[in-house]
Amino acid sequence: MTAQVVLPLVDAVLDRVADDVRRGLTAPSKSLPPWLFYDEAGSRLFELITDLPEYYLTRTERSILAKNATAILTAACHDQPLRIVELGAGSAAKTRLLLQAGLDRQPSVVYEPIDVSFTALESACRQIEGEMPRVEVVPRVIDYTCELDFEPCGSHERRLVLYIGSSIGNFEPDEAIRLLHRIRSRLRPGDGLLLGVDLVKDRNMLLAAYDDAEGVTAAFNRNVLVRLNRELGADFDPGAFAHRAHWNPFASRIEMHLESLCAQVVRLAALDLEVEFAAGETLHTENSYKFPPGGAEALLSASGFTPVFTWTDPRQWFAVCLGRAE
Ligand code: AVI
């Protein structure tokens, strides 16, 4: 991959940062969109989160994929050759399990990882190409929430789109349906979507996963302010904001906020904007929706997919659902 390919995307991202931050900080209830977490430092912090003892999501989903990779691929493509597309591929750590199961069925597998982060994709591609020479990696640096198309493929091939890691949980329910609908519209009958969702569970367990003892999630949350300081010439003092996670049972979601510890005014030079925070006022940075039993299947149906099968772990903490484009 060459850096040239991504330069127009970098400009587009800067414009989007400016627009989204202005909108979020001038609204009556201040908020920032969660995609802003993932600059280089934020992506690194997120990788650390996935290994935390409290953050059961990644481990549990990995165990489901490890146990059921062959069954998933069989359900997804029967006997037809398969190519795997992954949205928000990041480091693609769990994907290797499915790629290996693919290689056990066919001589080679085309793997099309899609991510907005050039850095994350580049290192994932290098690793997979090194470890799995029979996987042909076709990386795409695009923001799949704004635009989406897939590489053309043969009429005999089936595409399996992976949207795992509970990423769908960071979208509002109507946005989630819109995004999955867009994915559906790019698929052919017989293609599949594998969706990983986190399930509703004990409140304390959910809270611990988003407010770990080591403070990595707190650093991840505050890092968004560091990003705005760098990219928009802002003067946030990250130490003047406390990390808060709380469970909203009515919306079935964990919310992350940054609470202003004092009355303060923050300047964002690139936006020519001053923002006042009252002591105790919060800046809402993320929702992470948790699904009740049957919720993910309902989401797939509402987005034009037929739910085919759901795999879960013995404690029913996480679910991986296959939807088919009919
Ligand atoms: C990426 N996403 C699924 C994570 C989640 O669990 O909602 C982001 C995250 N936020 C705090 N910890 C992890």
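Just so it is clear, the structure is predicted and the values come from calculations on it, not from any experiment. (Residues numbered from 1 in each chain as written. Predicted model: local features only at pLDDT ≥ 70, side-chain atom pairs only at ≥ 80, totals over all residues. Heavy atoms only, no water.)

Q: Can you explain the pairing of strand S2 (residues 109-115)? Please cite residues and give values.
A: Extensive coverage of S2 is indicated by the burial of 7 of its 7 residues. Burial along S2 is two-sided: the residues Val 109, Tyr 111, Pro 113 and Asp 115 and Val 110, Glu 112 and Ile 114 are all buried. Judged from the 5 bridges that link them, strand S1 (residues 82-87) and S2 form a sheet pairing that is parallel. Paired with Arg 83 across the two strands is Val 110, which belongs to S2. A crossover links S1 with its parallel partner S2, the connecting element being helix H4 (residues 95-105), and its sense is right-handed. Alignment of S2 against strand S3 (residues 135-137), held across 3 bridges, turns out to be parallel. (Buried < 20%, exposed > 50% of the residue type's maximum accessible area, 1.4 Å probe, protein only. Helix = DSSP H or I, 4+ residues; strand = E, 2+ residues; numbered from the N terminus. Pairing = 2+ DSSP bridges. Right-handed = clockwise from strand over helix to strand, strands pointing away.)

Q: Any chance you could break down the side chain of Gln 264 for me, citing the residues and the numbers?
A: By the secondary structure assignment, Gln 264 is in strand S9 (residues 264-268). For Gln 264, the residues in contact, after removing those within four places along its chain, are Ala 240, Phe 241, Val 275, Glu 276 and Phe 277. (Contact = heavy atoms within 4.5 Å.)

Q: Give me the state of the cysteines: which residues, what numbers.
A: This model, assessed by the stated rule, comprises 0 disulfides. With no disulfide of its own, Cys 125 lies closest to Cys 153 among cysteine sulfurs, the gap being 19 Å. (Disulfide = S-S within 2.5 Å.)

Q: An account of the nonpolar core is requested, with residue identities and associated values reported.
A: Val 21, Leu 98, Tyr 111, Leu 194, Phe 236 and Leu 268 are the most contacted members of the largest nonpolar core, which totals 74 residues. In terms of residue count, helix H3 (residues 56-77) provides more of this core than any other element does, 10 residues in total. Shared between two domains, this core takes at least three residues from each, and those domains are domain 1 (28-46 + 205-289) and domain 2 (56-201 + 291-325). Excluding residues that lie within four positions of it along the chain, Phe 236 makes contacts with Leu 25, Leu 225, Leu 228, Asn 229, Phe 241, Val 266, Leu 268 and Phe 277. Counting 29 residues, the second-largest nonpolar core is a separate cluster that includes Leu 148, Ala 176, Leu 193 and Cys 321. (Core = buried A, V, L, I, M, F, W, Y, C linked by side-chain atoms within 4.5 Å. Domains from an automatic or database assignment.)

Q: Let's hear about helix H6 (residues 173-185): which residues, and what values?
A: With 13 residues, H6 extends 18 Å from end C-alpha to end C-alpha; this agrees with the ideal 18 Å at 1.5 Å per step. Of the residues making up H6, those classed as buried are Ala 176, Leu 179, Leu 180, Ile 183 and Arg 184. All buried residues of H6 lie within an arc of 145° about the axis, which places them on one face of the element. Looking at the packing, one finds that the buried side of H6 touches S1, strand S5 (158-163), strand S6 (192-198) and helix H9 (295-302). (Expected span 1.5 Å × (residues − 1). Arc of directions from axis to C-beta.)

Q: Summarise the site of the ligand; cite the residues concerned and give the values.
A: Of all residues adjacent to the ligand, which total 14 residues, the nearest are Tyr 55, Asn 170, Tyr 210, Glu 286 and Ser 288. Note that an oxygen atom of the ligand is positioned 2.5 Å from one of the side-chain N or O atoms of Tyr 55. Tyr 210 places a polar side-chain atom, nitrogen or oxygen, 2.5 Å from an oxygen atom of the ligand. Across the shell around the ligand, the residue classes tally to 7 nonpolar, 6 polar and 1 charged. (Near = heavy atom within 4 Å. Polar contact = N/O pair within 3.5 Å; in protein donor to acceptor, adjacent residues only side chain to side chain. Nonpolar A, V, L, I, M, F, W, Y, C, P; charged D, E, K, R; others polar.)

Q: Before we move on, can you summarise the sheet that holds strand S8 (residues 253-260) with the specific residues and values?
A: The 3 strands are arranged S7-S8-S11 in an open sheet whose pairing can be described as antiparallel. Since the sheet does not close on itself, it has two edges, and those belong to strand S7 (241-248) and strand S11 (282-289), each with one partner. Here the strands of the sheet are splayed against their neighbours by 20° on average, with no regard to which way each runs. Both S8 and S11 contribute to a ladder of 7 bridges, which runs antiparallel. Pairing of Glu 259 across the sheet is with Thr 282, part of S11. (Axes fitted to C-alpha atoms, helices over the stretch in contact; angles between N-to-C directions.)

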